[in-house]
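In case you want the letters, here they are:
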Amino acid sequence: LLILSNAPLIAAIGSFSASGLIGCFTGLLIVKRYLKDITPEIQTKYLKTITKETLPLTLSIMLNLVYFRIDTLILPFFRQVEEVGKYNVAYKVFDAILVIPNYFTNAVYPVLLEKYKTGQSSFTTTIKKSVIALGAVSIIATFAMYFLSPWIIRTILGTWDDQATLYLRI
């Protein structure tokens, strides 16, 4: 509805936040129906501790996000809108493919933790096997992406586009 009414981006962000709050309070009301003595409380000491412990990782993720997307923020100042759009199409395909190594590493992480507890050699072996597997998949994916780029771009855009294909290949 916001898109159809040409509402500004801040309205969409606000509605997303509001829906989260509504969902939170709705859940609280449902739970209160079954457990009468639940009252939310803010534990400032715990919040300070957890914020202090997670701040480096939080800042790292935020800076990584900016670093990873800075090109799409700068590009419109130097290129035409159409060119930026084609670049973003290629970037979104690349972004979608990055899900694969993320899922792989998320799946391997608990195994690595367990191996670390049992002994250093099995831990190292698991890391080596994981790196080899990811390396092999990335080499295959690189060649596949190079040759399938025209088809992928044509499927997404509905037309052949040499420039978007080149961006995806790069």
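Draft legend 1. Highlighting the environment of proline 110. Summarising the element assignment, proline 110 is placed in helix 4 (residues 99-118). Proline 110 sits eleven residues away from serine 121 along the chain, and the two C-alpha atoms are 16 Å apart.

Draft legend 2. Spotlight on helix 5 (residues 120-157). When the local axis directions of helix 5 are compared, the greatest deviation, roughly 60°, occurs at leucine 148, which is followed within four positions by the proline proline 150. Those residues of helix 5 not exposed but buried are Phe123, Thr126, Ser130, Met145, Ser149, Pro150, Ile152 and Ile153. Positive phi shows up at glycine 158, right after helix 5, with a value of about 80°.

Draft legend 3. Just helix 4, in detail. The terminal C-alpha atoms of helix 4 lie 29 Å apart, and with 20 residues this matches the ideal 28 Å at 1.5 Å per residue to within 8%. Helix geometry: helix 4 is bent most strongly at tyrosine 109, by close to 30°, with proline proline 110 lying one to four residues after it.

Cut-offs and rules
- Residues numbered from 1 in each chain as written.
- Predicted model: local features only at pLDDT ≥ 70, side-chain atom pairs only at ≥ 80, totals over all residues.
- Heavy atoms only, no water.
- Helix = DSSP H or I, 4+ residues; strand = E, 2+ residues; numbered from the N terminus.
- Bend = angle between axes of the 7 residues up to and from the residue.
- Buried < 20%, exposed > 50% of the residue type's maximum accessible area, 1.4 Å probe, protein only.
- Expected span 1.5 Å × (residues − 1).

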